[in-house]
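As a plain string of letters, each chain reads:
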Amino acid sequence: MGFAFLFIILFYTMVLVAIGRKWTNGKNNVAGNPCAVKKALLVPFRNEAMHLPAFLGHLKEVAAAVEEVLFIDDHSEDESAALISDFIAANQLPNWILLKNDGIGKKAALTKGVCFSQAQIILTTDVDCLLPSNWVAQMMQPFQRMGTQLVAGPVLTKEHSSFFQRFQQIEWSSIILTTSYFFDVGRPIMCSGANLAYRKSAFLAVQGYVGNENYASGDDEFLLKKIVDKYGAEATIYQYNSKVLVWTQALPHFSALLQQRVRWAGKWSLHQSAVHAMSAIATFLLSLIAIASLALLFGPSQDKMIFIIFWVLKIGVEKRVLGKVLANFRCHPSLYDYVATSFLHPIYVIIVGLGTLRGKYNWKGRDIYFRF
């Protein structure tokens, strides 16, 4: 039995190293000036009064590069809409417009914004984010090539003062790495609406979220899949360098993190994609195997040695590969952070996996139900 664990961890190590070798910061950037077309920044929101004061002041400088800034209120129950309206009036921003979502949920809010906008390029982000000062120009550069229909960028949590925050950073680095890898091999499977741009014409050509509008999550990934299906993977680009990195708020406690990850995990079966399914299943099985390796401690001395080799290899390869990703964004978790994350992450994955079986999560004050 011990040698089975050894084989699995050696295979995992080789796969992660191979994926890590594909990571080259900024290799897919497009040089030159951004294309000169009309741009709109869409910001859907719901109950974001806590984040809006900092976000609005920050956005004013970044959004000077776009012709339209559209806030779409998804039926907020706090003073979010009033904060935005007051900020627009106080700063005399005629191209900042506050809209009301006609439907329910983020997809309906984004559809409202896209249909209202007169721009050719749509950019999207979230209220709990901080954008690089030159973000718009960097995201626009790939659109110089007429065949480019969608551009995605990386997202990473910015806080790192506690272990829980650094845990989230390390996990986000694995998401960035996985995203970049599948874009590189021509099989893009994920992106984040917090750092996204696409042609309005492409959104309309694929009929936006028609066909999956009833699913609360996945506005970004479902749109990516539809654009890839229509235009091919070569029509999409993932810019994974620090110039386009969007910082997001780390979640404050485990329960909020769990709700978010259950929301994400609950949509994998909806994609009807073998790559999605295999990625989700492989992650879950590896986590089960990592936890099951504890049984080696109760076996003969040979099994105990295999247990040590298993975890040394697991921690070592994750620190090397994920550390390479984080170093590009000037984040440097300690060895302790990688060790603790490596041990805790499998337990966390199992909890999230079991959470999806409930078919329910709570997000922004709404109880969301889903099914496989």
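**Student:** Any chance you could explain the sheet that holds strand β4 (residues 121–124) here in plain terms?
**Tutor:** The sheet built from seven strands is open, its strands ordered β3-β2-β1-β4-β8-β6-β9 with mixed pairing. In this open sheet, the two strands that pair with only one neighbour each are β3 (96–100) and β9 (236–238). Across the sheet, the mean angle separating the axes of adjacent strands is 20° when strand polarity is ignored. Across three bridges, the pairing between strand β6 (residues 150–152) and strand β8 (residues 196–199) is antiparallel. Looking at the pairing, Val151 lines up with Ala197 of β8. Against the sheet, helix α6 (residues 163–184) contacts β6 and β9, and its axis sits at roughly 145° relative to β9.

**Student:** Before we go on, may I ask you to explain the packing of aromatic side chains in this structure?
**Tutor:** What describes a pair of aromatic rings is the distance from one ring centre to the other and the angle between the planes of the rings. According to the stated counting rule, one finds 17 aromatic pairs in the structure shown. An aromatic cluster is defined as three or more aromatic residues linked by ring pairs; in this entry it consists of Phe5, Phe307, Phe310, Trp311 and Phe343. Sitting above the plane of the Tyr231 ring, Lys230 keeps its charged end 5.9 Å from the centroid.

**Student:** Please explain unusual backbone geometry as it appears in this structure.
**Tutor:** Apart from glycine, the bulk of residues carry a negative phi angle, and the bulk of peptide bonds sit in the trans form. At Asn47, a position not held by glycine, the phi torsion is positive, near 55°. As for its placement among the helices and strands, Asn47 is situated in the loop between β1 (39–45) and α2 (52–62). You will see that Gln207, though not glycine, has its phi angle at about 60°, which is positive. On the secondary structure map, Gln207 appears in the loop between α7 (200–205) and α8 (219–231). In this structure Gln207 comes out as exposed when scored by relative accessible area, which is 54%.

**Student:** Even after reading the chapter, I still don't get the packing of α6 against helix α12 (residues 335–357), so can you show me in this structure?
**Tutor:** Each packed pair of helices is defined by two parameters, the angle between the axes and the distance between the axes. Across the interface, α6 lies against α12 with an axial gap of 10 Å and an inter-helix angle of 75°. Relative to α12, α6 is oriented roughly perpendicular. Two secondary-structure elements touch here, α6 through Phe163, Arg166, Phe167, Ile170 and Glu171 and α12 through Tyr336, Asp337, Tyr338, Ala340, Thr341, Leu344, His345 and Tyr348.

**Student:** What is the right way to look at the side chain of Thr157 in this model?
**Tutor:** Counting through the fold element by element, Thr157 comes out in strand β7 (residues 155–157). If we skip the residues at most four places from it in the chain, Thr157 touches Gln165, Gln168, Gln169, Trp172, Trp247, Thr248, Gln249 and Ala250.

**Student:** Would you mind going over the pattern of salt bridges with me for this structure?
**Tutor:** If the charged atoms of two oppositely charged side chains come close together, the side chains can form a pair. Scanning the model with the defined rule gives 12 salt bridges in all. Across the salt bridge formed by Asp219 and Lys106, the nearest N and O atoms sit 4.0 Å from each other. In this pair, Asp219 is assigned in helix α8 and Lys106 in helix α4 (residues 106–116), connecting sequence segments 113 residues apart. With a relative accessible area of 25%, Lys106 lands in the partly exposed category. We note a salt bridge from Glu318 to Lys314, for which the minimum N-O separation is 3.0 Å. In this pair, Glu318 and Lys314 are both assigned in helix α11 (residues 301–328), four residues apart and thus about one turn of the helix distant. Here Lys314 falls in the buried class, since its relative accessible area comes to 5%. Beyond isolated ion pairs, a larger network of salt bridges with shared partners links Lys106, Asp126 and Asp219.

**Student:** It is not clear to me how the environment of Phe7 should be interpreted in this structure. Could you clarify?
**Tutor:** Checked against the element boundaries, Phe7 lands in helix α1 (residues 2–21). Placed 303 residues apart in sequence, Phe7 and Phe310 show a C-alpha to C-alpha distance of 9.3 Å.

**Student:** What's the story with the sheet that holds strand β10 (residues 246–248) in this structure? I'm lost.
**Tutor:** If you walk across this open sheet you meet the three strands as β5-β10-β7, and the pairing is mixed. With partners counted over all chains shown, the strands left at the sheet margins are β5 (129–130) and β7, one partner each. Pairing between β5 and β10: two bridges, direction antiparallel. Within β10, the position partnered with Leu130 by the bridge is Trp247.

Rules and cut-offs
Residues numbered from 1 in each chain as written. Predicted model: local features only at pLDDT ≥ 70, side-chain atom pairs only at ≥ 80, totals over all residues. Heavy atoms only, no water. Pairing = 2+ DSSP bridges. Helix = DSSP H or I, 4+ residues; strand = E, 2+ residues; numbered from the N terminus. Axes fitted to C-alpha atoms, helices over the stretch in contact; angles between N-to-C directions. Contact = heavy atoms within 4.5 Å. Phe/Tyr/Trp six-rings, centres within 6.5 Å; stacked < 30°, edge-to-face > 60°. Lys NZ or Arg CZ within 6 Å of the ring centre and 35° of its normal. Buried < 20%, exposed > 50% of the residue type's maximum accessible area, 1.4 Å probe, protein only. Parallel < 35°, antiparallel > 145°, perpendicular 65-115°, else oblique. Salt bridge = Lys/Arg side-chain N within 4 Å of Asp/Glu carboxyl O.

Remember, this is a structural readout, not a statement about activity or role.
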